[in-house]
Amino acid sequence: MSAIRLLVLGAVRRHGRAHGYQVRNDLEFWGADEWSNTKPGSIYHALKQLAKQGFLHAYDIAPSTVGGPPRTEYELTEKGTGEYFSLLRGALTTHDRLDLLSAGLGFMADLPRAQVLDLLRQRMEHLCGWRESVTGYATPEGHIGEITRLWVHSAEAGVEWTRGLIERIEGGAYSFAGEGGDPFAGVLAEE
(Lines give C-alpha, C1' and ligand atoms only; values in the text may rest on other atoms or scores of the structure.)
Protein backbone atom coordinates (compact mmCIF):
# COMPACT_ATOMS: atom_id res chain seq x y z
CA MET A 1 0.00 0.00 0.00
CA SER A 2 1.32 3.43 -0.88
CA ALA A 3 1.02 6.54 1.25
CA ILE A 4 1.47 8.76 -1.81
CA ARG A 5 -1.58 7.17 -3.50
CA LEU A 6 -3.72 7.84 -0.44
CA LEU A 7 -2.40 11.37 -0.02
CA VAL A 8 -2.93 12.33 -3.64
CA LEU A 9 -6.40 10.78 -3.89
CA GLY A 10 -7.40 12.39 -0.60
CA ALA A 11 -6.10 15.82 -1.55
CA VAL A 12 -7.90 15.72 -4.90
CA ARG A 13 -11.06 14.56 -3.14
CA ARG A 14 -10.86 17.46 -0.66
CA HIS A 15 -10.93 19.95 -3.52
CA GLY A 16 -13.43 18.11 -5.72
CA ARG A 17 -11.26 18.96 -8.68
CA ALA A 18 -7.64 20.01 -8.32
CA HIS A 19 -4.52 20.62 -10.35
CA GLY A 20 -1.11 19.29 -9.38
CA TYR A 21 0.06 22.49 -7.72
CA GLN A 22 -2.97 22.50 -5.37
CA VAL A 23 -2.28 18.89 -4.37
CA ARG A 24 1.43 19.63 -3.88
CA ASN A 25 0.65 22.77 -1.87
CA ASP A 26 -1.71 20.86 0.47
CA LEU A 27 0.77 18.06 1.07
CA GLU A 28 3.60 20.51 1.76
CA PHE A 29 1.30 22.47 4.10
CA TRP A 30 0.74 19.24 6.06
CA GLY A 31 4.49 18.56 6.13
CA ALA A 32 4.02 15.32 4.19
CA ASP A 33 7.33 15.91 2.44
CA GLU A 34 8.98 15.38 5.85
CA TRP A 35 7.18 12.20 6.97
CA SER A 36 6.48 10.48 3.67
CA ASN A 37 8.02 10.15 0.25
CA THR A 38 6.03 12.98 -1.31
CA LYS A 39 8.42 15.02 -3.36
CA PRO A 40 7.04 17.25 -6.14
CA GLY A 41 8.01 14.79 -8.86
CA SER A 42 6.35 11.88 -7.05
CA ILE A 43 3.12 13.87 -6.65
CA TYR A 44 2.88 14.70 -10.36
CA HIS A 45 3.86 11.14 -11.28
CA ALA A 46 1.18 9.77 -8.95
CA LEU A 47 -1.46 12.05 -10.48
CA LYS A 48 -0.62 10.85 -13.99
CA GLN A 49 -0.48 7.18 -12.95
CA LEU A 50 -3.75 7.37 -11.02
CA ALA A 51 -5.40 8.95 -14.07
CA LYS A 52 -3.91 6.27 -16.34
CA GLN A 53 -5.26 3.56 -13.99
CA GLY A 54 -8.76 5.07 -14.02
CA PHE A 55 -8.78 6.39 -10.44
CA LEU A 56 -8.71 10.03 -11.56
CA HIS A 57 -10.19 11.81 -14.54
CA ALA A 58 -7.83 14.36 -16.09
CA TYR A 59 -9.14 17.57 -17.65
CA ASP A 60 -6.83 19.81 -19.70
CA ILE A 61 -8.25 23.18 -18.78
CA ALA A 62 -6.00 25.99 -19.96
CA PRO A 63 -2.92 26.46 -22.09
CA SER A 64 0.26 27.26 -20.24
CA THR A 65 1.15 30.94 -20.12
CA VAL A 66 4.84 30.05 -20.41
CA GLY A 67 4.59 27.72 -23.40
CA GLY A 68 4.38 24.38 -21.58
CA PRO A 69 1.60 21.81 -21.73
CA PRO A 70 -1.91 22.81 -20.68
CA ARG A 71 -2.71 22.83 -16.97
CA THR A 72 -4.46 19.64 -15.97
CA GLU A 73 -7.10 19.33 -13.29
CA TYR A 74 -7.96 15.98 -11.74
CA GLU A 75 -11.16 14.61 -10.26
CA LEU A 76 -11.83 11.28 -8.56
CA THR A 77 -13.71 8.72 -10.58
CA GLU A 78 -16.08 6.25 -8.94
CA LYS A 79 -13.25 3.71 -9.05
CA GLY A 80 -10.94 6.30 -7.47
CA THR A 81 -13.40 6.96 -4.65
CA GLY A 82 -13.53 3.23 -3.89
CA GLU A 83 -9.72 3.01 -3.94
CA TYR A 84 -9.42 6.06 -1.68
CA PHE A 85 -11.69 4.62 1.00
CA SER A 86 -10.04 1.20 0.77
CA LEU A 87 -6.58 2.75 1.21
CA LEU A 88 -7.85 4.96 4.04
CA ARG A 89 -9.32 2.05 5.99
CA GLY A 90 -6.15 0.02 5.47
CA ALA A 91 -3.95 2.91 6.59
CA LEU A 92 -5.78 3.27 9.91
CA THR A 93 -5.16 -0.38 10.78
CA THR A 94 -1.48 -0.47 9.81
CA HIS A 95 1.00 -1.26 12.55
CA ASP A 96 4.32 -1.00 10.74
CA ARG A 97 4.14 2.00 8.39
CA LEU A 98 4.09 5.39 10.07
CA ASP A 99 3.93 7.21 6.73
CA LEU A 100 0.80 5.29 5.81
CA LEU A 101 -0.76 5.71 9.26
CA SER A 102 -0.01 9.44 9.12
CA ALA A 103 -1.72 9.72 5.73
CA GLY A 104 -4.72 7.85 7.14
CA LEU A 105 -4.92 10.14 10.15
CA GLY A 106 -4.92 13.12 7.82
CA PHE A 107 -8.11 11.87 6.19
CA MET A 108 -9.81 9.91 8.98
CA ALA A 109 -12.48 12.61 9.22
CA ASP A 110 -13.87 11.32 5.90
CA LEU A 111 -15.12 8.22 7.73
CA PRO A 112 -17.84 7.92 10.38
CA ARG A 113 -16.60 8.14 13.96
CA ALA A 114 -17.66 4.55 14.80
CA GLN A 115 -15.77 3.17 11.81
CA VAL A 116 -12.59 5.06 12.73
CA LEU A 117 -12.80 3.70 16.27
CA ASP A 118 -13.23 0.16 14.95
CA LEU A 119 -10.25 0.54 12.61
CA LEU A 120 -8.04 1.93 15.38
CA ARG A 121 -9.01 -0.98 17.63
CA GLN A 122 -7.96 -3.32 14.82
CA ARG A 123 -4.64 -1.45 14.68
CA MET A 124 -4.14 -2.12 18.40
CA GLU A 125 -4.83 -5.82 17.84
CA HIS A 126 -2.27 -5.87 15.02
CA LEU A 127 0.29 -4.15 17.24
CA CYS A 128 -0.30 -6.61 20.08
CA GLY A 129 0.00 -9.55 17.70
CA TRP A 130 3.18 -8.12 16.23
CA ARG A 131 4.64 -7.60 19.70
CA GLU A 132 3.80 -11.19 20.66
CA SER A 133 5.44 -12.53 17.52
CA VAL A 134 8.61 -10.52 18.23
CA THR A 135 8.80 -11.62 21.86
CA GLY A 136 8.24 -15.24 20.83
CA TYR A 137 11.86 -15.38 19.75
CA ALA A 138 14.77 -15.48 22.14
CA THR A 139 16.27 -12.01 22.40
CA PRO A 140 19.82 -12.15 21.07
CA GLU A 141 22.65 -11.03 23.30
CA GLY A 142 24.54 -7.78 22.92
CA HIS A 143 23.79 -5.00 20.52
CA ILE A 144 21.81 -7.28 18.17
CA GLY A 145 19.27 -7.71 20.99
CA GLU A 146 18.56 -3.98 20.66
CA ILE A 147 16.68 -4.74 17.46
CA THR A 148 14.15 -6.86 19.35
CA ARG A 149 13.94 -4.31 22.15
CA LEU A 150 13.31 -1.56 19.58
CA TRP A 151 10.48 -3.54 17.98
CA VAL A 152 8.90 -4.32 21.35
CA HIS A 153 9.20 -0.69 22.45
CA SER A 154 7.71 0.51 19.13
CA ALA A 155 4.75 -1.85 19.50
CA GLU A 156 4.11 -0.78 23.09
CA ALA A 157 4.38 2.91 22.22
CA GLY A 158 2.04 2.38 19.26
CA VAL A 159 -0.55 0.69 21.47
CA GLU A 160 -0.32 3.47 24.08
CA TRP A 161 -0.68 6.23 21.48
CA THR A 162 -3.55 4.45 19.68
CA ARG A 163 -5.37 3.89 22.98
CA GLY A 164 -5.07 7.61 23.72
CA LEU A 165 -6.40 8.55 20.28
CA ILE A 166 -9.35 6.19 20.74
CA GLU A 167 -10.12 7.82 24.10
CA ARG A 168 -9.94 11.31 22.57
CA ILE A 169 -12.26 10.34 19.72
CA GLU A 170 -14.69 8.59 22.09
CA GLY A 171 -14.64 11.78 24.17
CA GLY A 172 -15.87 13.81 21.19
CA ALA A 173 -12.62 15.06 19.68
CA TYR A 174 -12.74 15.98 16.01
CA SER A 175 -15.60 16.01 13.56
CA PHE A 176 -16.27 13.00 11.35
CA ALA A 177 -18.33 12.15 8.28
CA GLY A 178 -22.03 12.57 8.85
CA GLU A 179 -21.64 14.85 11.87
CA GLY A 180 -22.00 18.17 10.08
CA GLY A 181 -19.54 20.98 9.72
CA ASP A 182 -16.31 20.93 7.77
CA PRO A 183 -13.76 18.70 9.52
CA PHE A 184 -11.09 20.02 7.14
CA ALA A 185 -11.62 23.73 7.89
CA GLY A 186 -8.20 25.29 8.38
CA VAL A 187 -6.24 22.23 7.29
CA LEU A 188 -6.09 22.94 3.56
CA ALA A 189 -3.46 25.30 2.24
CA GLU A 190 -4.69 28.73 1.20
CA GLU A 191 -5.17 29.15 -2.55
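Now for a look at the structure at hand.

1. Quick word on the environment of arginine 71
Take arginine 71: it is sitting in strand S3 (residues 71-76). Residues arginine 71 and isoleucine 61 lie ten residues apart in sequence; the distance between their C-alpha atoms is 5.8 Å. If near-sequence neighbours (up to four positions away) are discounted, arginine 71 is found in contact with His19, Tyr59, Asp60, Ile61 and Ala62.

2. Some points on helix H1 (residues 3-15)
Look at H1: 19 Å from first C-alpha to last across 13 residues, which is about the 18 Å you get at 1.5 Å a residue. Here H1 lies mainly inside the structure; ten of its 13 residues are buried. For H1, every residue scored as buried is listed here: Ala3, Ile4, Arg5, Leu6, Leu7, Val8, Leu9, Gly10, Ala11 and Val12. Between a side-chain oxygen at the N-terminus of H1 and the backbone nitrogen of isoleucine 4 the separation is 3.3 Å; the capping residue is serine 2. Directly beyond the C-terminal end of H1, a positive phi value near 90° is found at glycine 16.

3. A short note on the sheet that holds S3
Ordered by their spatial adjacency, three strands build an open sheet running S1-S3-S2, and the pairing between neighbours is antiparallel. The sheet is open, and its two edges are formed by strand S1 (18-19) and strand S2 (56-62), each paired on a single side. Pairing between S1 and S3: two bridges, direction antiparallel. Within S3, the residue paired with alanine 18 across the bridge is tyrosine 74.

4. Details of the nonpolar core
Grouped burial of nonpolar side chains is what soluble globular proteins tend to show. Membership of the largest hydrophobic core comes to 42 residues, with the highest contact counts inside it found for Val8 and Val23. Secondary-structure elements contributing two or more residues to this core are H1, helix H2 (20-29), helix H4 (40-52), S3, helix H5 (78-93), helix H6 (98-107), helix H7 (113-135) and helix H8 (145-170). In terms of residue count, the dominant contributor to this core is H1 (eight residues). Excluding residues within four positions of it along the chain, valine 23 makes contact with Val8, Ala11, Val12, Ala18, Ile43 and Leu47.

The rules we used
Residues numbered from 1 in each chain as written. Predicted model: local features only at pLDDT ≥ 70, side-chain atom pairs only at ≥ 80, totals over all residues. Heavy atoms only, no water. Helix = DSSP H or I, 4+ residues; strand = E, 2+ residues; numbered from the N terminus. Contact = heavy atoms within 4.5 Å. Expected span 1.5 Å × (residues − 1). Buried < 20%, exposed > 50% of the residue type's maximum accessible area, 1.4 Å probe, protein only. Polar contact = N/O pair within 3.5 Å; in protein donor to acceptor, adjacent residues only side chain to side chain. Pairing = 2+ DSSP bridges. Core = buried A, V, L, I, M, F, W, Y, C linked by side-chain atoms within 4.5 Å.

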